[in-house]
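Fold and geometry: a report
Here are the chains, one letter per residue:
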Amino acid sequence: MARKVRKAVFPAAGLGTRFLPATKASPKEMLPLVDKPLIQEVVEEAVASGIESIIIVTSRGKFAIEDHFDVSYELERLLDARGKKDLLKQMRAISEIARISYVRQQEALGLGHAILQAEDSIGDEPFAVMLSDDIIDSETPGLKQLLDVYEKYDAPVIGTMQVAGEAISRFGVLAVDEVEDGVFRVKDMVEKPPPAEAPSDLAIIGRYVLTPEIFNEIKNTRPGAGGEIQITDAMRSLLKKRPFYAVRFRGTRYDAGDKLGFLIATVAYGLKREDLAPEFKEYLKSLKLS
């Protein structure tokens, strides 16, 4: 029987250079989807999937993330005094959402290296990895879709989606056999291949369920694409020793780590808001687009 996955690692130590100058002094993970930071959106997905403990891997200048999930006594007193009970409830819910701890990645040496920093916090348990700039809008939370497959097969699981054309070269890519609708047995994986060499159109997306053996594989992984320690390379090494599965997400994935993707996600989430959607729709209809 598969051990319960209780913990999720959130790598959040990157510099966010795609969003400069906005990220010069503010973490990319705190960019708002309407009025909710990206990282909060994904933490809520983790909690909705059954995760109890969150480990956020940070770096210098990321204190805004810690402050966001901490109690703000002054703000709460002010909201209480002004009778803004709904806002007060929302603020308290953020600080009570889960057990959250922090570890530091002192050098930006890649996603694999970032995950390795959480080894002591994870111990010998299976765990999830969630990237805050991959937003999954789905009826069943994105991570829960992976956890259901993990519990069925008792093996690591990777989130995936189909990516067409040249864009595939920006991702880790899977070679697979489909074992049931939307679920695949992984045969191989390659980090950022040229389009002509990609083994399929199934790209690795920022959700993983991993077992603790991955830490030794990361330690033995040499820098790969981009001169960084890639988690895809470490998983490929572990794949030689145990099965891996992949799940094609049911729902819509937004790449909020890309400017255009972030804008698209913001529009989509704005249109989901009952308090904003009617006027927002009217505004969008009024645009004279050439």
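Residues numbered from 1 in each chain as written. Predicted model: local features only at pLDDT ≥ 70, side-chain atom pairs only at ≥ 80, totals over all residues. Heavy atoms only, no water.

1. Structural notes on a nonpolar patch on the surface
Put simply, the rule is: A residue counts toward a patch only above 30% relative accessible area and without a salt bridge, and it is joined to like-charged neighbours within 9 Å or, for Val, Leu, Ile, Met, Phe, Trp and Tyr, to nonpolar neighbours within 5 Å. Areas reported as accessible are Shrake-Rupley estimates using a 1.4 Å probe. Residue values count occlusion only from the protein chains shown. A pairing counts as a salt bridge when a side-chain nitrogen of Lys or Arg comes within 4 Å of a carboxyl oxygen of Asp or Glu. Numbering of helices and strands runs from the N terminus, with a helix taken as a DSSP run of H or I at least four residues long and a strand as a DSSP run of E at least two residues long.
On the surface, Leu260, Leu263 and Ile264 cluster together to form a nonpolar patch covering roughly 300 Å² of accessible area. Tracing the backbone shows Leu263 in helix H10 (residues 259–272).

2. Overview of the nonpolar core
In summary, soluble globular proteins display a tendency toward joint burial of nonpolar side chains. Rules: Nonpolar cores were defined as sets of buried Ala, Val, Leu, Ile, Met, Phe, Trp, Tyr and Cys residues, with membership established by side-chain atoms within 4.5 Å. Under the scheme applied here, a residue whose accessible area is under 20% of the maximum for its type counts as buried, over 50% as exposed, and between as partly exposed, the area being computed with a 1.4 Å probe on protein chains only. Note on contacts: a residue pair is in contact if any heavy atoms of the two residues lie within 4.5 Å.
Core analysis: the largest hydrophobic core is formed by 50 residues, its most contacted members being Phe10 and Ile54. Other than its neighbours up to four places away in sequence, Phe10 contacts Ile39, Val42, Val43, Ala46, Ile54, Ile55, Ile56, Val57, Met130 and Ser132. Among the nonpolar cores identified, the runner-up in size contains 32 residues, and Val57, Phe184, Leu239 and Ala246 belong to it.

3. As for the confidence of the model for the protein
Filter applied, for reference: Residue-level confidence of the predictor is what pLDDT reports, using numbers from 0 through 100.
Averaged over all residues, the pLDDT of the protein is 93; the fraction at 70 or higher stands at 100%. When mean pLDDT is taken per element in the protein, strand S6 (residues 127–130) scores highest with 98 and helix H3 (residues 73–81) scores lowest with 91.

4. Overview of the pairing of strand S8 (residues 157–162)
As a general feature of sheets, a regular strand has side chains that alternate between the two faces. Inclusion rule: When DSSP finds two or more bridges between a pair of strands, those strands are recorded as paired.
Note that S8 and strand S11 (residues 202–210) share 6 bridges and pair antiparallel. Across the sheet, the residue bridging to Gly159 is Ile205, located in S11.

5. Let's talk about the environment of Phe280
You can see Phe280 is positioned in helix H11 (residues 277–286). Between the C-alpha atoms of Phe280 and Thr232, which are 48 residues apart in sequence, the distance is 40 Å. Ignoring sequence-local partners within four residues, the contact set of Phe280 consists of Val267, Gly270 and Leu271.

6. Details of helix H7 (residues 142–153)
Definition in use: By this rule the span expected of a helix is its residue count minus one, scaled by 1.5 Å.
A rise of 1.5 Å per residue sets the reference length of H7, with its 12 residues, at 16 Å; its end C-alpha atoms lie 18 Å apart and thus fit the reference within 8%. The complete set of buried residues in H7 reads Gly142, Leu143, Gln145, Leu146, Leu147, Val149 and Tyr150. Looking one or two places after H7, you find Asp154, whose phi comes out positive at around 50°.

7. Examining the side chain of Glu45
Position of Glu45 relative to the elements: it lies in helix H1 (residues 38–48). Under the relative-accessibility criterion, Glu45 is labelled buried at 9%. Sequence-distant contacts of Glu45, defined by excluding residues within four places in its chain, comprise Met130, Ile136, Pro141, Gly142, Leu143 and Arg207.

8. Considering the packing of aromatic side chains
Just so we agree on the cut-off: Centres within 6.5 Å make a pair out of two Phe, Tyr or Trp rings, where for Trp the six-membered ring is used; the pair is then stacked when the planes are under 30 degrees apart, edge-to-face when over 60, and tilted otherwise.
By the definition in use, this model includes 4 aromatic pairs. A ring pair is formed by Phe19 and Phe262, whose centres lie 5.7 Å apart and whose planes are at 80°; its orientation type is edge-to-face. Taken together, the residues span a long stretch of sequence, with Phe19 in the loop between strand S1 (7–11) and strand S2 (32–33) and Phe262 in helix H10 at a distance of 243 residues. Accessibility expressed as a relative area gives 8% for Phe19, which makes it buried. Since its relative accessible area comes to 13%, Phe262 is described here as buried. Pairing Phe127 with Phe215 gives two aromatic rings, centres 5.2 Å apart and planes at 5°, and the pair type is stacked.

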